[in-house]
Amino acid sequence: MSFTQELLQEKFPTRQAVITEITNLEAILNLPKATEHFVSDLHGEFAAFDHILRNGSGNIKQKIFDNFAGQLTPKSIQEFATLVYYPTDKLEFQKQQMNGEELDQWYLDTFSRVIKLLKVSATKYTRSKVRKAMDPSFVYITEELLYTDQQQLDKRNYYNRILHNLLELGQADKFIVATCDTIQRLIVDHLHVIGDIYDRGPQPDKIVERLIKYHSVDIQWGNHDILWVGAMAGSALCMMNLLRICARYNNLSIIEDSYGINLRHLSMYAEHNYQDLAAFHPRMIKDEQQPKESELRLISQIQQATAVIQFKLEGQLKQRHQGWNLPGVGLLDQIDWEKNTIKIGKEDFPLVNTCFSTVDHAHPFELTAEEKSVTEGLLNSFSNSTDLRRHLDFLMKKGKMYETANGNLLFHGCIPVDEKGNFLVLKCQQESYAGQALLSFFEKQLRNAYAHPECRDDLATDLTWYLWQGPLSPLFGKHEMATFARYFVKEEKTHLEHKNAYFKLRHQEWFCRQLLQEFGLNPETGHIINGHTPVKKGHQPIMANKKMIVIDGGYSKAYQPTTGIGGYTLLYNSYGLQLITHHPFTSKADAIKNGTDIISTKRVVNQELKRQTVADTDTGTALKQKIRQLHQLLANYDE
Ligand SMILES: O=P(O)(O)OC[C@H]1O[C@](O)(COP(=O)(O)O)[C@@H](O)[C@@H]1O
Ligand SMILES: [Mn+2]
């Protein structure tokens, strides 16, 4: 008997136990496929993300429509939906609007509604799974209410008694909140986050905290997430990039207040060595409060200081890896200090907005003693931040370079290819990597770097930075990042970042099919789900005869003028795939008070010919395998 068989026998020691388990698993196979939810490029926009999780991208509202149409007015439907999304706040709001008998009646109506909604949200799951999704203190009552047949008079009295008791014993609010939470929990079974949780927006830490508590999630890393992982893995270059971006988006409080990393030394150093330069003021987002003048100055100084350290460290890295093709990186040695020009490619360009007083012209990549000590101190503080480490541990645990899920291929950026669609090859230490192998190579190196934060100048640590902006990085997908030129050169042609051929080819069905095959998926039924590149106004997120879906719709407020919307999400339920377009999120207070929902349109991408069941999913494949093993075990038991 194999080891697996022995384990199974221990768990199911009698013939009857095996038969019960087989029956149970067979029943699960016939349940409808549970709903998967896809989001991407959250970029620190916690409130919008939280709202989308709460409303299940419109799934909750849809269930209310389907089950209460004709019984509730559109306004009551919206109010009920808001209660399910934000039960605690909506209850408070409701209690300010009503009292006495009117309020009691509202509670009784609400009890029945939430129970009915819970019932329809639970139909796809086994009783045991539904029970696990409940607040333990209300399991007994909820099950009585869920599975009681109200049509029988005796039972109806019993049911009503429970509801009245909840009210009389002061448990009404707690019960409603618990039930709404369970509905939210059941409405989506699994969440896929296709990268870029971090940078630009104000609260990536709250997003990660929410994900840690979420019932089922996987993450495909984005290039911005890698900056943070890289910083924790000991890459000073990743750390300087993320600090520069935090300054650029006026988000330094994430570092100080959320992650408890003291920036005093950096601020003092920046104040001493840099002037106020408007080109380094933070990018201001519409509707956001302007910082005070003194704050603007300090942010500008910090952005300059971190940018200059970044450019010096880039030069050092370029010297360590001369074989890596890195245009646009470490350009400080291309400056003609007399003429105040820089050579980019073959041309010289005048420099603007310069802030190079700490650069030694003879050794432009060398950090000054103070830059060294600031950098060293910051790296240590990053590594000592328990919350940051906890968050990044979670990203490493739940994250991967790519995921295959129920026939679909999920990754943040691209698979680097040439114009004909051939996979580009990365050579590293006498080995060559391309296609799927390239992604696996990077993942292995990243895990290695993260496991050894004490090694700061080794290949694995430098590769974490390469993932951020290297030309063959699947998470980046451009030939270079023109950060230096965008700060210091006016000519726009130096700012161009050419996208990898992947981004043109992904419009072609044959190409997407080839990629699905490369990752072992069925090109007939699979889809590729991508983030990373905001879908511009007037462009289509669904491409290649529906084989490719790009869901970066711009949660990041800075990118909403480009996309013209508030973001996309994707739902994959038993009927197929639906793409949801969201309006920009206003605020939680607006959602509660005015019932503002942000769903704009829902588009069916793909409709299954036959409703999908668990048997058609990855879980189904695993269950069928288990059923086969149980049948083998059954043969060992006497009848
Ligand atoms: O808009 P900003 O802050 O200047 O950032 C632009 C930079 O961000 C990048 O687009 C990378 O970030 P994304 O992954 O969000 O696209 C670079 O290619 C580009 O240089
Ligand atoms: Mn990205």
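Conventions used here
- Residues numbered from 1 in each chain as written.
- Chains lettered and ligands numbered in written order.
- Predicted model: local features only at pLDDT ≥ 70, side-chain atom pairs only at ≥ 80, totals over all residues.
- Heavy atoms only, no water.
- UniProt positions renumbered as here; feature names shortened; annotations may be inferred.
- Salt bridge = Lys/Arg side-chain N within 4 Å of Asp/Glu carboxyl O.
- Helix = DSSP H or I, 4+ residues; strand = E, 2+ residues; numbered from the N terminus.
- Near = heavy atom within 4 Å.
- Polar contact = N/O pair within 3.5 Å; in protein donor to acceptor, adjacent residues only side chain to side chain.
- Areas by Shrake-Rupley, 256 points an atom, 1.4 Å probe, with all protein chains shown as cover.
- 1 Å grid on protein atoms, 1.4 Å probe; cavity = no way out; pocket = protein on both sides within 12 Å on 5 of 7 lines; lining within 4 Å.
- Sits in = over half its atoms within 2 Å of the grid points.
- Nonpolar A, V, L, I, M, F, W, Y, C, P; charged D, E, K, R; others polar.
- Donors = N, O, S within 2.8 Å, 3.2 Å for Na, K, Ca; no water.
- Buried < 20%, exposed > 50% of the residue type's maximum accessible area, 1.4 Å probe, protein only.
- Pairing = 2+ DSSP bridges.
- Axes fitted to C-alpha atoms, helices over the stretch in contact; angles between N-to-C directions.
- Parallel < 35°, antiparallel > 145°, perpendicular 65-115°, else oblique.
- Left-handed = near helix turned anticlockwise from the far one by under 90°.
- Contact = heavy atoms within 4.5 Å.
- Domains from an automatic or database assignment.
- Buried area = accessible area lost by both parts, 1.4 Å probe.

As recorded by an unreviewed UniProt entry, the protein chain carries the name Fructose-1,6-bisphosphatase class 3 and is attributed to Liquorilactobacillus nagelii. UniProt, in its Cofactor (unreviewed entry) section for the protein chain, records the words "Mn(2+)". Per UniProt, the protein chain has the following entry under Pathway (unreviewed entry): "Carbohydrate biosynthesis; gluconeogenesis."

Asker: Hey, could you run me through the pattern of salt bridges in this one?
Answerer: A side chain of one charge can pair with a side chain of the opposite charge if their charged atoms are brought near each other. Counted by the stated rule, this structure contains 27 salt bridges. Note that Asp50 is salt-bridged to Arg210, the shortest N-O span being 2.7 Å. With Asp50 in helix H3 (residues 46-55) and Arg210 in helix H12 (residues 204-213), the pair connects residues that are 160 residues apart, well separated along the chain. Notably, a salt bridge pairs Lys478 with Glu497, separated by 3.2 Å at the nearest N-O pair. On the criterion of sequence distance, the pair formed by Lys478 in the loop between helix H21 (459-469) and helix H22 (483-488) and Glu497 in the loop between H22 and helix H23 (502-505) is long-range, its members being 19 residues apart. Ionic contacts of the salt-bridge type, sharing partners, join the residues Glu209, Lys213, Asp387 and Arg390 into one network.

Asker: Looking at this model, I keep getting lost on the site of ligand 1. Mind explaining?
Answerer: Around ligand 1 there are 15 residues in total, and Arg248, Tyr249, Arg283, Arg486 and Glu497 lie nearest to it. One of the side-chain N or O atoms of Arg200 is found 2.7 Å from an oxygen atom in ligand 1. Arg283 is positioned with one of its side-chain polar atoms (N or O) 2.4 Å from an oxygen atom of ligand 1. For ligand 1, whose unbound accessible area comes to 470 Å², protein coverage reaches 89%. Taking a 2 Å distance to the grid points as the criterion, the majority of the atoms of ligand 1 fall inside the largest pocket. Class assignment of the residues belonging to the shell around ligand 1 gives a composition of four nonpolar, four polar and seven charged.

Asker: What am I meant to see in the coordination of the manganese ion (ligand 2) here?
Answerer: For a metal bound by four donors in a tetrahedral arrangement, the ideal donor-metal-donor angle is 109.5 degrees, while six donors in an octahedral arrangement ideally sit at 90 or 180 degrees. On the protein side, the manganese ion (ligand 2) has Asp196 (OD), Asn223 (OD1), His412 (NE2) and His532 (ND1) as donor atoms, found 2.1 to 2.4 Å from it. Spacing between the donor residues of the manganese ion (ligand 2) along the chain follows D-x26-N-x188-H-x119-H. Note that His412 is positioned in the loop between strand E9 (408-411) and strand E10 (426-428) and His532 in the loop between strand E12 (528-530) and strand E13 (542-543), a separation of 120 residues in sequence. In this structure His412 comes out as buried when scored by relative accessible area, which is 0%.

Asker: Help me understand the pairing of strand E16 (residues 576-582) in this model?
Answerer: Across a regular strand the side chains alternate sides, sitting on one face of the sheet and then on the other. With respect to burial, E16 is a largely interior element, seven of its seven residues being buried. Inspection of the sheet shows strand E15 (residues 567-573) paired to E16 by seven bridges, in the antiparallel sense. By the bridge assignment for E16, Tyr568 is matched with Thr581. Counting the residues between successive antiparallel strands, the hairpin from E15 to E16 contains two residues. As paired elements, E16 and strand E17 (residues 599-607) share seven bridges and run antiparallel to each other. Following the sheet pairing, Gln578 is matched in E17 by Val604.

Asker: I would appreciate a short explanation of the packing of helix H4 (residues 59-68) against helix H5 (residues 74-85) in the present structure.
Answerer: For any two helices packed against each other, the geometry comes down to the angle between their axes and how far apart the axes lie. Packing of H4 against H5 brings their axes to within 10 Å, and their N-to-C directions diverge by 135 degrees. Regarding the angle of H4 to H5, the classification is oblique. H5 is crossed by H4, and the crossing has right-handed handedness. Across the interface between the two elements, Ile60, Lys61, Ile64, Phe65 and Phe68 of H4 pack against Ile77, Gln78, Phe80, Ala81, Val84 and Tyr85 of H5. Here the contact of H4 with H5 is composed, by residue class, of nine nonpolar, one polar and one charged.

Asker: Looking at this structure, how should I read the pairing of strand E8 (residues 402-405)?
Answerer: Sheet analysis places E8 next to E9, joined by four bridges and oriented antiparallel. For Glu403, the partnering residue across the bridge sits in E9 and is Leu410. Between the antiparallel neighbours E8 and E9 lie two residues, among them Asn406 with a positive phi of about 50 degrees.

Asker: What should I look at first to understand the sheet that holds strand E5 (residues 341-344) in this one?
Answerer: Paired through their backbone hydrogen bonds, the strands of a sheet run either parallel or antiparallel. One open sheet accounts for three strands, arranged E4-E5-E6; its pairing is antiparallel. The open sheet has two edge strands with one neighbour each: strand E4 (335-336) and strand E6 (347-350). Where E4 meets E5, two bridges bridge the pair, whose relative direction is antiparallel. Each bridged residue has a counterpart across the sheet, and for Asp336 the counterpart in E5 is Thr341.

Asker: Where do I start with the environment of Asp181 in this structure?
Answerer: The residue Asp181 is located in helix H11 (residues 172-187) in this model. Sequence-wise, Asp181 and Leu118 are 63 residues apart; in three dimensions their C-alpha atoms are separated by 9.9 Å.

Asker: Would you mind going over the domain arrangement of the protein chain with me for this structure?
Answerer: By convention, interface size is frequently given as the accessible area that disappears when the constituent parts associate. Structurally, the protein chain comprises domain 1 (3-30 + 618-636), domain 2 (46-186) and domain 3 (204-495). For domain 2 and domain 3, the distance between their C-alpha centres works out to 46 Å. Residue-level contacts link seven residues of domain 2 with six residues of domain 3. Carbon and sulfur atoms make up 71% of the area that domain 2 and domain 3 hide from each other, which totals about 670 Å². The tally of links from domain 2 across to domain 3 stands at two residue pairs in polar contact (both at pLDDT 80 or more). At the level of secondary structure, the elements contributing two or more residues to the side of domain 2 that touches domain 3 comprise H3 and H11. Considered class by class, the residues forming the side of domain 2 that touches domain 3 number three nonpolar, one polar and three charged.

Asker: Any chance you could explain the sheet that holds strand E1 (residues 36-39) here in plain terms?
Answerer: With mixed pairing, the seven strands of this open sheet are ordered in space as E7-E3-E2-E1-E15-E16-E17. Each end of this open sheet is capped by a strand with a single partner; those strands are strand E7 (399-400) and E17.

Asker: Is there a simple way to explain the packing of helix H1 (residues 3-11) against helix H27 (residues 618-636) in this structure?
Answerer: It is the contact of H1 with H27, at a shortest axis distance of 10 Å, that shows an interaxial angle of 75 degrees. When the axes of H1 and H27 are compared, the pair comes out roughly perpendicular. Counting all contacts with H1, which are made through Thr4, Gln5, Leu8, Gln9 and Lys11, the residues of H27 involved are Lys626, Gln629, Leu630, Gln632, Leu633 and Asn636. Of the residues in the contact of H1 with H27, the class split is three nonpolar, six polar and two charged.

Asker: I tried to follow the side chain of Lys61 on my own but got confused; where do I start?
Answerer: Secondary-structure assignment places Lys61 in helix H4. Of the residues examined, Lys61 reaches a relative accessible area of 17% and is grouped as buried. Setting aside residues no more than four positions away along its own chain, Lys61 makes contact with Ile77, Gln78, Ala81, Tyr85 and Asp597.

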